[in-house]
Amino acid sequence: MTNLRRAKRAAEEGRLAGSLANLNARLAQQTPRRILAISDRQHYTSEQQFAPLIRHRQSIAARLGLVFEFATIEALDRLIERGFAGYTAVGIKLGWSTPKAEAERLATRLFAAARQAGARTLVFDGDDDLCVLWAPVIGAADAYIKKHRFADNQAYMRGYVGKTNLTDYVHRTYGISFDENLIPRVDALQPDQINKIVLGWNIALDDKIHDLANDLGPDTLSHQRDIDLGCRASVGPDRWIYGMRHAATSAMEAMADSYRVHAPTNRVPQDEYYDEMLRARLSVSPFGYGELCWRDFEAILCGSVLVKPDMSHAVTWPDIFVPHETYIPVAWDFSNLRDVCTPYLEDEGARRKIAETARDRLMTALKPEVFIKRLEQTMKQAGVL
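Quick caveat: nothing in here was measured; it's all calculated off a predicted structure.

**Here we look at the side chain of His 210**
Then comes step 1: Within the secondary structure layout, His 210 lies in helix H11 (residues 207–215).
Then comes step 2: Among residues more than four places away in sequence, those in contact with His 210 are Arg 9 and Arg 55.

Laid out in structure tokens, this is it:
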């Protein structure tokens with residue numbers, strides 16, 4: 001990130017920007033609704049869920065009257081002592097490594113004080129996966145905002161081995177034990193808790209993707225595509241995601257007899273990584289610690305067609321996971337990789353159509369007015385608007 005971008009984001013997040021947002025709401029003849037988001041500042045991707053709120057802070061205030069303010073968990077005692085009079089909503093974001101008892105204690109204490117002031121209580125869940133880590137925390141909140149959720153609510157009514165449905169899949173498929181893991185199991189939710197889950201926005205709105213979208217001009221996409229199938233996602237066998245990643249690279253290597261396959265194991269600078277995506281006709285993106293990763297959106301912005309394990313079990317926004325329209329779904333074990341990829345490797349017109357459709361939809365979702373519309377829907381469902 002350039003120094004200019006760092007300075008701009010620091011200014012957008014600062015207290016002065018909050019005061020300006022309040023003023024902009026009033027100038028737009030909106031009734032200011034103050035929302036306080038309190039964060040532990042742990043885990044970068046989790047924290048990035050606030051990136052579009054900060055980036056579009058002034059426009060959000062003028063359009064919706066929502067004035068976002070940000071604080072850290074270290075200030076919790078002082079905030080509670082001061083009280084939350086004047087706030088429409090108070091939310092908390094805690095990283096996944098927070099012990100369950102501590103997460104419940106912090107949320108319960110904060111929400112009791114917020115309700116005393118008549119404020120709605122929110123959880124901003126920035127985790128990579130679809131599951132809800134702490135049942136007591138969602139139980140204590142009015143609304144629970146997630147980047148993505150299960151398409152079928154019944155999936156929340158069962159427990160999982162490990163932290164997520166993916167750790168559970170790895171346990172069942174590859175025999176990996178999570179008994180000694182920091183999170184050996186997540187519990188099932190009750191129907192009243194499930195009803196509190198509200199869809200927010202995913203990592204497509206992270207600063208990393210926003211910057212790449214601005215940096216890649218139309219002329220960049222005319223790059224010669226001399227890689228048929230690309231993927232740079234290998235990990236060591238000591239990581240629980242190894243089985244899912246290895247299945248992808250093994251299936252790709254089996255196609256090297258017919259196509260130009262590029263699946264290296266070494267790390268390279270970011271520019272080189274993007275150059276490979278600009279050269280790839282198809283980019284394979286296996287699951288990691290969650291279903292989505294930056295690679296999905298980076299590949300699309302680079303004009304490469306995304307090939308990914310079937311995402312029909314998930315609901316997310318922006319949704320660039322429409323089968324054979326914005327991505328190519330593949331079996332979770334990649335057993336049908338050749339079959340699903342061959343039609344697009346043999347037909348450049350069909351490949352290009354998916355690439356262009358996906359990129360157009362992602363670029364549209366990155367527009368401020370489109371995000372603000374999504375935010376409006378989220379906040380209505382959360383009872384804030």
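More follows now that the structure is in view.
**Considering the pattern of salt bridges**
Then comes step 1: Taken as a whole, this structure holds 26 salt bridges when the rule is applied.
Then comes step 2: A salt bridge links Asp 228 to Arg 281, with the shortest nitrogen-to-oxygen separation between them at 3.1 Å. In this pair, Asp 228 sits in strand E10 (residues 227–230) while Arg 281 sits in strand E12 (residues 280–284), placing the two residues 53 residues apart along the sequence. We note that Asp 228, like Arg 281, is buried.
Then comes step 3: Residues joined in a network through salt bridges with shared partners are Asp 228, Arg 260, Arg 281, Glu 348, Arg 351 and Arg 352.

**Re the packing of helix H9 (residues 165–174) against helix H12 (residues 242–253)**
Then comes step 1: It is the contact of H9 with H12, at a shortest axis distance of 9 Å, that shows an interaxial angle of 70°. As the angle between them shows, H9 and H12 are arranged roughly perpendicular. In this structure, H9 uses Tyr 169, Val 170 and Tyr 174 to contact H12, whose residues at the interface are Gly 243, Met 244 and Ala 247.
Then comes step 2: Looking at the contact of H9 with H12 residue by residue, the class counts come to five nonpolar, one polar and no charged.

**Re the pairing of E10**
When a strand is regular, its side chains alternate between the sheet's two faces.
Then comes step 1: Here three bridges tie E10 to E12, and the two strands are oriented parallel to one another. Following the sheet pairing, Ile 227 is matched in E12 by Ala 280.
Then comes step 2: Pairing between E10 and strand E11 (residues 261–262): two bridges, direction parallel. What sits directly across from Leu 229, in E11, is Val 261.
Then comes step 3: Handedness of the β-α-β unit built from E10, H12 and E11 comes out right-handed.

**What about the packing of helix H2 (residues 15–27) against helix H5 (residues 57–64)?**
Then comes step 1: Relative orientation of the contacting elements H2 and H5 amounts to 25°, with a least axis distance of 7 Å. Between H2 and H5, the angle is such that the two are roughly parallel. As H2 packs across H5, the resulting crossing turns out to be right-handed. Residue-level contacts link Ala 17, Gly 18, Leu 20, Ala 21, Asn 24 and Ala 25 of H2 to Arg 57, Gln 58, Ala 61 and Ala 62 of H5.
Then comes step 2: Across the contact of H2 with H5, the residue classes break down as six nonpolar, three polar and one charged.

**So, the sheet that holds strand E9 (residues 197–199)**
Then comes step 1: An order of E2-E1-E3-E4-E5-E9 is seen for the six strands of this open sheet, with the pairing classed as parallel. In this open sheet, the two edge strands, each paired with only one partner strand, are strand E2 (66–72) and E9. If you compare each strand with its neighbour and ignore which way they point, the axes differ by 25° on average.
Then comes step 2: As defined by bridge partners, strand E4 (residues 120–125) adjoins strand E5 (residues 143–146) across four bridges and the pair is classed as parallel. The residue of E5 that forms the bridge with Phe 124 is Ile 145.
Then comes step 3: Helix H7 (residues 100–116) contacts strand E1 (33–39), strand E3 (87–93) and E4 of the sheet and is inclined by roughly 175° relative to E3.
Then comes step 4: Sitting on the sheet, helix H17 (residues 368–381) touches E1, E2, E5 and E9, and the angle it makes with E9 is about 170°.

**Quick notes on H12**
Then comes step 1: When the terminal C-alpha atoms of H12 are compared, their 16 Å separation across twelve residues agrees well with the 16 Å that a helix rising 1.5 Å per residue should span.
Then comes step 2: Those residues of H12 that sit buried are Gly 243, Met 244, Arg 245, Ala 247, Ala 248, Thr 249, Ala 251 and Met 252.
Then comes step 3: Here the buried face of H12 lies against H9, E10, E11, E12, helix H14 (294–301) and helix H15 (337–346).

Cut-offs used in this document
- Residues numbered from 1 in each chain as written.
- Predicted model: local features only at pLDDT ≥ 70, side-chain atom pairs only at ≥ 80, totals over all residues.
- Heavy atoms only, no water.
- Helix = DSSP H or I, 4+ residues; strand = E, 2+ residues; numbered from the N terminus.
- Contact = heavy atoms within 4.5 Å.
- Salt bridge = Lys/Arg side-chain N within 4 Å of Asp/Glu carboxyl O.
- Buried < 20%, exposed > 50% of the residue type's maximum accessible area, 1.4 Å probe, protein only.
- Axes fitted to C-alpha atoms, helices over the stretch in contact; angles between N-to-C directions.
- Parallel < 35°, antiparallel > 145°, perpendicular 65-115°, else oblique.
- Nonpolar A, V, L, I, M, F, W, Y, C, P; charged D, E, K, R; others polar.
- Pairing = 2+ DSSP bridges.
- Right-handed = clockwise from strand over helix to strand, strands pointing away.
- Left-handed = near helix turned anticlockwise from the far one by under 90°.
- Expected span 1.5 Å × (residues − 1).

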